[in-house]
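Structural features, examined
These are the residues of each chain, in order.
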Amino acid sequence: QVQVVESGGGLVQAGGSLRLSCAVSGSIYTIRGMGWYRQAPGKQRELVAVITSGGDTNYASSVKGRFTISRDNAKNTVYLQMNSLKSEDTAVYYCNANILQIGVGITGAWGQGTQVTVSS
């Protein structure tokens with residue numbers, strides 16, 4: 001059993017900051033890539049940022065320079081530091097983890113999502 005739990009969402013004014021956390025627990029041998037995705041009303045879910053087990057990162061062009069993804073492998077946790085937030089960042093943010101489980105292989109696991117609302 002694998003659990004993926006996001007936290008840290010909330011309401012913030014434009015220009016403010018939020019830090020999202022995603023903790024993965026359960027029957028895990030190791031976690032490979034992890035990422036943050038978001039879905040705004042009326043839009044498709046989009047990739048925000050990804051990070052490999054070795055710490056290599058990639059960002060969507062819309063958040064580059066404002067958001068920072070990081071991870072603590074000892075805690076099986078990934079973070080998303082969001083600065084200079086804009087109204088267009090308003091969305092439900094989801095955490096994804098690629099998990100290696102013995103006897104299963106590599107599977108993708110999603111969290112329930114956390115709401116981020118940026119007011120003007």
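Before reading further, recall that the structure is shown in the block above.
First, a word on what this report is: a plain description of the structure on this page. (Residues numbered from 1 in each chain as written. Predicted model: local features only at pLDDT ≥ 70, side-chain atom pairs only at ≥ 80, totals over all residues. Heavy atoms only, no water.)

Structural notes on the overall build of the protein
Short version of the rule: Comment: elements are numbered from the N terminus, with helices defined as DSSP H or I runs of at least four residues and strands as E runs of at least two. Within these notes, the globule rule equals 2.2 Å times the number of residues to the 0.38 power, and the radius of gyration is based on C-alpha atoms. Burial here depends on accessible area, computed with a 1.4 Å probe over protein chains only, as a share of the maximum for the residue type. Under 20% is buried, over 50% is exposed, and the range in between is partly exposed. We call two residues in contact whenever any of their non-hydrogen atoms come within 4.5 Å of each other. Only the protein chains shown count as cover for residues, and all accessible areas are computed by the Shrake-Rupley method using a 1.4 Å probe.
Counting secondary structure elements, the protein contains zero helices and 11 strands. Compactness check: the protein gives a C-alpha radius of gyration of 14 Å against a globular reference of 14 Å for 120 residues, within 12% of the reference. Looking at the protein as a whole, 38% of its 120 residues are labelled buried. Summarising the internal contacts of the protein: among those between residues at least 6 apart in sequence, 54% fall at separations of at least 24. For the protein, the accessible surface area stands at approximately 6400 Å², while carbon and sulfur atoms represent 45% of it.

Observations regarding the packing of aromatic side chains
Heads up, the condition is: Here a Phe, Tyr or Trp ring, Trp counted by its six-membered ring, pairs with any other such ring whose centre lies within 6.5 Å, and the pair is stacked when the planes are under 30 degrees apart, edge-to-face when over 60, and tilted otherwise. Note on geometry: a ring has a charge over it if NZ (lysine) or CZ (arginine) is within 6 Å of the ring centre and within 35 degrees of the ring normal.
Going through the model one piece at a time under the given rule, you end up with one aromatic pair. For Arg45, the ring lying beneath its charged end belongs to Tyr94, and the centroid distance is 3.7 Å. The ring of Trp110 has Arg45 sitting right over it, with the charged end atom 4.9 Å from the ring centre.

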